[in-house]
Amino acid sequence: MATQKLYAGTKLREVRGRIGLSQKAFAEKLGISLPYLNQMEHNHRPLSAAVVLRLAQEFGLDVTELTTGDSERLVSDMREALADPVFGQGLPPQTDLRLVAANAPGLARAFLNLHRAYRQASERLASLDEALGREDRTAAPSPWDEVRDFFHYCDNYIDAVDRSAERFAREAAGRDLVQAAVAALEARGIAVVVAETPLVRTYEPEAKRLTISARIPEATRRFQLLHQIALLTQDELLEATLDLARFQTPEARGIAKIGLANYFAGAAQMPYAAFLAAAQEERHDLERLADRFGASIEQVAHRLSTMQRPGLKGIPFFFVRVDQAGTITKRHSATRLQFARFGGACPLWNVHRAFETPGRFLRQLAQTPDGVRYLSLARDVTKPGGSFTAPVRRFAIGLGCEIAHAPSLVYADDLDLTRRFEPIGISCRICERPDCHQRSVPPLERRLAVDPDRRGVLPYGIPG
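Residues numbered from 1 in each chain as written. Predicted model: local features only at pLDDT ≥ 70, side-chain atom pairs only at ≥ 80, totals over all residues. Heavy atoms only, no water.

Undergrad: How should I be thinking about the nonpolar core in this particular structure?
TA: As a rule of thumb, soluble globular proteins bury nonpolar side chains together. Grouped together as the largest cluster of nonpolar side chains are 70 residues, with contacts concentrated most on L225, F264, F275, L286, V300 and L304. Ranked by the residues each element gives to this core, the list is headed by helix α14 (residues 250–269), at nine residues. When sequence neighbours within four positions are dropped, the list of residues in contact with L304 reads F275, A279, H284, L286, I315, F317 and L399. Counting 20 residues, the second-largest nonpolar core is a separate cluster that includes L337, C346, F355 and V372. (Core = buried A, V, L, I, M, F, W, Y, C linked by side-chain atoms within 4.5 Å. Buried < 20%, exposed > 50% of the residue type's maximum accessible area, 1.4 Å probe, protein only. Helix = DSSP H or I, 4+ residues; strand = E, 2+ residues; numbered from the N terminus. Contact = heavy atoms within 4.5 Å.)

Undergrad: Help me understand a nonpolar patch on the surface, please; the structure alone is not making it clear to me.
TA: Residues V86, F87 and Y118 make up a contiguous nonpolar surface patch of about 270 Å² in total accessible area. Among the secondary structure elements, F87 is positioned in the loop between α5 (71–82) and α6 (94–103). Under the relative-accessibility criterion, F87 is labelled partly exposed at 37%. (Patch = residues over 30% accessible without salt bridge, like charges linked within 9 Å, V, L, I, M, F, W, Y side chains within 5 Å. Areas by Shrake-Rupley, 256 points an atom, 1.4 Å probe, with all protein chains shown as cover. Salt bridge = Lys/Arg side-chain N within 4 Å of Asp/Glu carboxyl O.)

Undergrad: Help me understand the environment of T329, please; the structure alone is not making it clear to me.
TA: Its place among the elements puts T329 in strand β7 (residues 328–333). Relative accessible area serves as the criterion here: at 21%, T329 is assigned to the partly exposed category. In this structure the C-alpha to C-alpha distance between T329 and R148, which are 181 residues apart in sequence, comes to 9.7 Å. Residues contacting T329, with those up to four places away along its chain left out, are R148, R321, V322, D323 and F395.

Undergrad: Is there a simple way to explain the pattern of salt bridges in this structure?
TA: A side chain of one charge can pair with a side chain of the opposite charge when the charged atoms of the two come close. The full count for this structure, using the stated rule, is 23 salt bridges. R222 is the partner of D176 in a salt bridge, and the nearest nitrogen-oxygen pair spans 4.0 Å. Placement of the pair is D176 in the loop between α10 (159–171) and α11 (177–186) and R222 in helix α12 (residues 218–233), with a sequence separation of 46 residues. For R222, a relative accessible area of 11% gives the class buried. Several salt bridges share partner residues, and in doing so they unite D235, E239, D243, R253 and K257 into one network.

This is the structure:
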């Protein structure tokens, strides 16, 4: 088997700069000629074993520095970005991407930032749905929308909070998380009471008493305990994160703090590394993961959409929750699929049919107008009130990934991935499909053809 050659010119230049030597002095220390060093620093030649050994002996360099870092991650991220249909067909060769990552990492990061900005700009077009419905077009976003956008543009992954929750779960090893949470609260002199109450959770600071409703499911009870742990033990971390976000109103900051405490609770209940390993082992079977981590189906689906830790990423999923009117109440996408920021989702999407088949997963092979194909799962989720007279809340959740990742999901095992994919869109106003039988309004940026003597599915035509 051939040994992989080590090209590490950028890292070699960083080492020389850190030491503060000229090329000539550095070459002499390594026992090589100046032209040879110059060729290695520009990746025209690989590092020889003798040079690697001299770096370790002469400068005490940990040679793993030469092979670790951002290079492979940059190559992977560039491949993912270049797969966007906006770049046309065909990816550049892997060798070209490696050369860019090794020789011009700054340029690679600038390209990735540009592509990310393009995705965000495309997604913001969906906000025109809301703007068209406003009387005051210059109105600021509501606190709820501002917070939702904050999590969306963080890729729904908050590293410091996630790692803190993982530490809490690790320190509780050997104990049930409920027991660990109760013990942590009792150590602060807080009594935990489970009682018949219409409120899910009530904390009384002066009495130092936390009351959890006996009517809620065990998974929700555990989640609410961990939520309170976050508010009481992680306040400094949460406040620092909120300071960086710079919300426009106190209301937005307050909503975001609840969101961050919820994030901590989910991350403690399903610690990142353990959950990622379990998801891969169970091939992303939501029901088995829910059983393993004592969580609900919705909590598991939401957690899968947060697996974006640098260097340890999971499958990029989109996650969405809609109510019975079709309004999106939760949304996040780590994929190229971008939801409408306001209003409902495409009526052709299977998430709307989930209400018709309660307790079952629906699967859909779907294709968006940009040509990207997805495997989409949908299921209804019911949130009972705990008594006959309490209202029951019903939602449908959608979870999906690009079709390239489908073999890693148990839900794709008996599907023919070569069959016709159903066309779906994002929002009628920004979808340009000319022949959609479910179109409710014309697309924003297309001229219409109106012929009183001809009538098809729609009362107008959309010229190509």
